[in-house]
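# Understanding the architecture of this molecule
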Amino acid sequence: MAVDPLIELRDVNKFYGQLHVLRDINLTVGRGEVVVIIGPSGSGKSTLCRTINRLETIESGHIAIDGRPLPEEGKGLAQLRAEVGMVFQSFNLFAHKTVLANVSLAQLKVRKRKKDDADRRSRELLERVGLASQADKFPAQLSGGQQQRVAIARALAMDPKALLFDEPTSALDPEMINEVLEVMQQLARDGMTMVVVTHEMGFARSAANRVVFMADGRVVEDRTPEAFFTAPESDRAKDFLSKILKH
Ligand SMILES: Nc1ncnc2c1ncn2[C@@H]1O[C@H](COP(=O)(O)OP(=O)(O)OP(=O)(O)O)[C@@H](O)[C@H]1O
Ligand SMILES: [Mg+2]
C-alpha cells in the first residue's frame with residue numbers, strides 16, 4: 001500500500017470506438033515509487049501511460065495527480081504536462097536546435113525562465129545524464145542512446161513530479177540500452193516517481209518497487225518484482241514470462 005499517493009487511477013475505462021482498451025483500471029503510484037508496467041503487445045500499456053498526462057481522454061473513472069483531478073484543458077493541462085513528463089520510444093528532439101536549446105526550450109516557454117537560467121539548468125541536467133560535452137551539438141550528431149538521454153534531461157528540466165517512460169530503450173541498439181537504463185536507475189535512486197513501460201526485466205527487478213502486469217486492458221497482477229518474477233499467479237503472466245525470459 002502506498003502511503004503517499006502521487007498518481008491515482010480509480011475505475012478507469014477507455015474505449016477506442018468499440019474497442020475497450022482500459023478496463024476498470026485501479027492503480028496507485030506512491031511518491032518516490034517506481035512502477036514497471038509489462039504485458040503483451042496491445043494490452044493497453046501505452047494507452048495507460050497516455051491517460052495519466054491526458055494525451056488520451058477516458059470514458060469513465062477518475063485520475064488524480066498529487067490529490068488533484070486531471071485538468072481538462074487550457075493552462076491547467078499545460079501545467080500537468082510539465083508536472084508529469086513523458087519519455088517516448090522515439091526521442092522527438094527538434095532536429096534544427098542544439099542539444100542545449102532542446103533542453104531549454106520548454107523552460108523558456110512553459111516555465112517562463114530567463115534564457116541564462118534555463119541554459120544553466122540545462123547544463124546541470126546534461127551533466128547529470130552524462131552529456132555535458134554534447135551541449136552544442138545537434139541531435140543528428142548524437143547516438144540514439146545519447147538522444148534519449150537528452151530527452152530525459154528535457155523532461156527533468158520541467159522539475160516534474162513524476163516521469164512516464166513508454167519503452168524508452170526499445171528503439172535503441174543493444175549497446176546503447178544500458179546507458180539509458182543507468183540514467184533511469186539513478187533517477188529512481190534519487191527518489192523520482194516513475195511509471196516505466198519496458199521489456200527490460202533486469203531494470204524491473206533492480207529498480208522497480210512494483211511490477212504491474214497488464215493483459216487485455218486489465219491490471220492482472222500488481223506485486224513486488226521479487227514476488228512477480230519468482231511466483232507469477234496468473235496463467236497470462238506465466239505464459240508471458242516464459243516467452244520473454246526464453247531469449
Ligand atoms: N489511436 C488509436 N486508435 C484506435 N485503437 C488504438 C489506438 N491506439 C491504440 N489502439 C489499440 O488499443 C489497444 C491497446 O494499445 P496500446 O498501444 O496501449 O498497447 P500496448 O500495450 O502499449 O502495446 P505494445 O506493447 O505493442 O506497445 C491495441 O489493441 C491497439 O491496437
Ligand atoms: Mg505500447
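It should be noted that the structure appears before, not after, this text.
Quick look at the structure, then.

Parameters at a glance
Residues numbered from 1 in each chain as written. Chains lettered and ligands numbered in written order. Predicted model: local features only at pLDDT ≥ 70, side-chain atom pairs only at ≥ 80, totals over all residues. Heavy atoms only, no water. Helix = DSSP H or I, 4+ residues; strand = E, 2+ residues; numbered from the N terminus. Buried < 20%, exposed > 50% of the residue type's maximum accessible area, 1.4 Å probe, protein only. Contact = heavy atoms within 4.5 Å. Areas by Shrake-Rupley, 256 points an atom, 1.4 Å probe, with all protein chains shown as cover. Lys, Arg positive; Asp, Glu negative; His and termini not counted. Charge placed at Lys NZ, Arg CZ, Asp CG, Glu CD. Core = buried A, V, L, I, M, F, W, Y, C linked by side-chain atoms within 4.5 Å. Near = heavy atom within 4 Å. Polar contact = N/O pair within 3.5 Å; in protein donor to acceptor, adjacent residues only side chain to side chain. Nonpolar A, V, L, I, M, F, W, Y, C, P; charged D, E, K, R; others polar. Phe/Tyr/Trp six-rings, centres within 6.5 Å; stacked < 30°, edge-to-face > 60°. Pairing = 2+ DSSP bridges. Axes fitted to C-alpha atoms, helices over the stretch in contact; angles between N-to-C directions.

## Quick word on the overall build of the protein chain
Helix and strand counts for the protein chain come out as nine helices and 10 strands. Here the C-alpha coordinates of the protein chain stretch approximately 55 × 40 × 35 Å along the principal axes. A burial count over the protein chain gives 51% of its 247 residues as buried. A separation threshold of at least 6 residues defines the contact pool for the protein chain, and within that pool the share at least 24 residues apart is 65%. As displayed, the protein chain offers around 11800 Å² of accessible surface, 49% of which is attributable to carbon and sulfur atoms. Between the mean site of the 34 positive side-chain charges and the mean site of the 33 negative ones, the protein chain shows a separation of 4 Å.

## Some thoughts on the nonpolar core
Leu 126, Ile 152, Phe 165, Met 184 and Met 194 are the most contacted members of the largest nonpolar core, which totals 50 residues. With eight residues, helix H6 (residues 174-189) is the single largest residue contributor to this core. If you look at the next biggest cluster of nonpolar residues, it comprises 26 residues, including Leu 48, Cys 49, Ala 162 and Leu 164.

## Quick notes on the environment of Gly 39
Looking at the element boundaries, Gly 39 is found in the loop between strand E3 (34-38) and helix H1 (45-52). The spacing of Gly 39 and His 199 is 160 residues in sequence and 8.6 Å in space, taken between C-alpha atoms. Contacts of Gly 39, omitting those with residues within four sequence positions, involve Lys 45, His 199, Phe 213, Met 214 and Phe 240.

## Thoughts on the site of ligand 1
What surrounds ligand 1 is the set Tyr 16, Leu 19, Val 21, Pro 40, Ser 41, Gly 42, Ser 43, Gly 44, Lys 45, Ser 46, Thr 47 and Glu 167. Here an oxygen atom of ligand 1 and a side-chain polar atom of Lys 45 are 2.7 Å apart. Take Ser 46: an N or O atom from its side chain is 2.8 Å from an oxygen atom of ligand 1. Coverage of ligand 1 by the protein chains reaches 58% of its 630 Å² of free accessible surface. Of all elements in the fold, only strand E2 (19-30) and H1 reach the threshold of two or more residues within the shell around ligand 1. For the shell around ligand 1, a count of residues per class yields four nonpolar, six polar and two charged.

## Quick notes on the side chain of Ser 43
Within the secondary structure layout, Ser 43 lies in the loop between E3 and H1. Looking at Ser 43, the relative accessible area reads 2%, which means it is buried. If sequence neighbours within four positions are ignored, Ser 43 has contacts with Val 21, Met 214, Ala 215, Asp 216 and Gly 217.

## Side note on the packing of aromatic side chains
In the structure shown here, the tally under the stated rule is three aromatic pairs. For the ring pair Phe 213 and Phe 240, a centre distance of 5.4 Å and an interplane angle of 50° mean the geometry is tilted. Placement of Phe 213 in strand E9 (residues 210-215) and of Phe 240 in helix H9 (residues 235-244) is noted, with a sequence separation of 27 residues between them. Among the aromatic residues, those joined into a cluster by ring pairs are Phe 213, Phe 228, Phe 229 and Phe 240.

## Some points on the sheet that holds E3
Taken in spatial order, the six strands make up an open sheet running E6-E7-E8-E3-E9-E10, and their pairing is mixed. On the outer flanks of this sheet lie strand E6 (84-87) and strand E10 (218-223), each paired with one strand and no other. Going across the sheet, the axis of each strand differs from the next one's by a mean of 20°, ignoring polarity. In terms of strand pairing, strand E7 (residues 162-166) meets strand E8 (residues 193-197) through five bridges, oriented parallel. Pairing of Leu 163 across the sheet is with Met 194, part of E8. Along the sheet, helix H5 (residues 144-156) makes contact with E6 and E7, crossing E6 at roughly 170°. Most of the contacts of H9 go to E9, to which it runs at about 100°, and overall it touches E3, E9 and E10.

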